[in-house]
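Descriptive structure summary
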Amino acid sequence: MRNKVDASLLGALRSFTVAAKLLSFTRAADALSLTQSAISQQMRQLERRLGYPLFVRGHRSLALTSEGVTLLAGAQRAFDEIESTLASISNSATPVKVGCCPSFALHWLVSRLSQYHQHDERNPVQLMAEFGALGVATDNITEIDLAIRYCAEIPDTSGNRTGLFDEWLIPVATPAYVQRNPILADGRLDASCVLLHDAFAWPGAEASAEWQAWMQAIRPDWLPFVNGPSFNLASMAYSAALNHQGVAIGRASLILDELADGRLVPLLPVAVRSPASYWTVTRNRESPSVGVFEEWLATQAAQFVQGRTSALHRMGIDLIERD
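Attention in this report is confined to the structure presented alongside it. All values derive from a computational prediction rather than experimental measurement.

1. What about the pattern of salt bridges?
What the rule picks out here adds up to 10 salt bridges. Here Arg57 and Glu47 are joined by a salt bridge, their closest N and O atoms 3.0 Å apart. In this pair, Arg57 is assigned in strand 1 (residues 55-57) and Glu47 in helix 3 (residues 36-50), connecting sequence segments 10 residues apart. By relative accessible area, Arg57 is classed as partly exposed at 39%. For Arg219, the salt bridge is made with Asp221, and the minimal N-O distance between the two is 2.9 Å. Sharing partners across several salt bridges, the network here consists of Asp166, Arg273, Arg308 and Glu321.

Here it is in structure tokens:
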């Protein structure tokens with residue numbers, strides 16, 4: 001006969017697991033703040049309900065029957081699972097610590113976090129901008145749950161690594177800077193133009209790596225003019241460009257809004273796939289909160305990539321693969 005699990009049975013099973021592990025009704029009573037007679041009566045009622053004995057009662061000893069051994073194993077697993085689930089729910093308010101370089105945080109992630117909190121306010125996020133050595137986020141993720149990395153290779157670090165999305169490079173300046181430099185309006189470049197660089201675009205990158213990647217694919221004859229002011233954050237180079245200081249090699253994903261509203265215009269309407277792409281590295285993937293954020297981030301990335309491609313095409317910008 002199948003026993004329906006109700007409040008009475010759950011309470012009796014909880015008392016049973018304690019008494020079965022301690023092999024003592026007296027010590028079980030102390031552990032549960034009950035009397036010895038209450039535990040003894042509860043176990044007799046449980047045995048009657050189940051239809052088989054759970055204990056072999058001696059004069060001064062208590063042992064489990066074979067049915068009692070089997071029931072203890074199953075009941076203990078069930079209670080352990082319940083306690084684990086309750087603990088994970090109660091801990092869900094602990095923020096998921098997300099680390100990434102400031103440029104990605106400022107130009108892509110921050111504007112989307114409010115959507116995430118509306119999506120699942122019970123799993124908050126603490127965003128930690130990582131400067132690291134020379135502006136490049138370090139490979140050490142022991143202080144964070146999920147890291148976002150811009151790398152030319154699969155991140156060489158501990159944790160679970162997953163590709164997020166690719167990147168496209170395009171030279172940009174303000175309309176005012178282009179107007180002051182007529183050669184740019186003709187789609188040309190010479191030493192009179194100031195090129196702005198992210199000197200540490202990804203781990204191991206040369207100071208002009210992004211400019212070189214674009215020039216080698218589109219205009220190799222411009223390579224002699226690759227020098228210019230460099231910064232240890234892409235956002236600083238973009239800020240300089242927005243202040244009419246020169247031409248920045250922009251990551252399309254980070255300057256899409258500025259291109260869309262005309263604050264920045266492409267030097268040539270051609271974007272080249274970057275040698276680097278974005279990855280996530282998770283240290284604490286078994287955490288439900290981390291899993292929720294990781295799933296949300298992957299969905300946002302997929303939607304963004306589709307919208308980015310459409311937006312660049314509407315602007316008349318071609319996407320070119322590197323050889």
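2. Here we look at the pairing of strand 7 (residues 168-173)
Counting buried positions along strand 7 gives 6 out of 6 residues, so the element sits mostly inside the fold. Both faces of strand 7 are covered, namely the face carrying Trp168, Ile170 and Val172 and the face carrying Leu169, Pro171 and Ala173. As paired elements, strand 7 and strand 12 (residues 270-273) share 2 bridges and run antiparallel to each other. Bridge pairing in strand 12 places Leu169 opposite Val272. Sheet analysis places strand 7 next to strand 10 (residues 247-251), joined by 4 bridges and oriented antiparallel. Within strand 10, the residue paired with Leu169 across the bridge is Arg251.

3. Quick word on the packing of aromatic side chains
According to the stated counting rule, one finds 16 aromatic pairs in the structure shown. Consider the rings of Phe104 and Phe165, whose centres lie 6.3 Å apart with planes at 35°: the pair is tilted. In this pair, Phe104 is assigned in helix 5 (residues 102-119) and Phe165 in strand 6 (residues 160-165), connecting sequence segments 61 residues apart. What makes Phe104 buried here is its relative accessible area of 5%. Considering the side-chain rings of Trp108 and Phe165, the 5.4 Å spacing of their centres and the 45° angle between planes classify their relative orientation as tilted. A residue pair is termed long-range when its members are at least 10 positions apart, and Trp108 in helix 5 and Phe165 in strand 6 qualify at 57 residues. For Phe165, a relative accessible area of 6% puts it in the buried group. The ring of Phe79 has Arg14 lying over it, and the distance from NZ or CZ to the ring centre is 5.1 Å.

Cut-offs used in this document
- Residues numbered from 1 in each chain as written.
- Predicted model: local features only at pLDDT ≥ 70, side-chain atom pairs only at ≥ 80, totals over all residues.
- Heavy atoms only, no water.
- Salt bridge = Lys/Arg side-chain N within 4 Å of Asp/Glu carboxyl O.
- Helix = DSSP H or I, 4+ residues; strand = E, 2+ residues; numbered from the N terminus.
- Buried < 20%, exposed > 50% of the residue type's maximum accessible area, 1.4 Å probe, protein only.
- Pairing = 2+ DSSP bridges.
- Phe/Tyr/Trp six-rings, centres within 6.5 Å; stacked < 30°, edge-to-face > 60°.
- Lys NZ or Arg CZ within 6 Å of the ring centre and 35° of its normal.

Geometry only, nothing functional implied.
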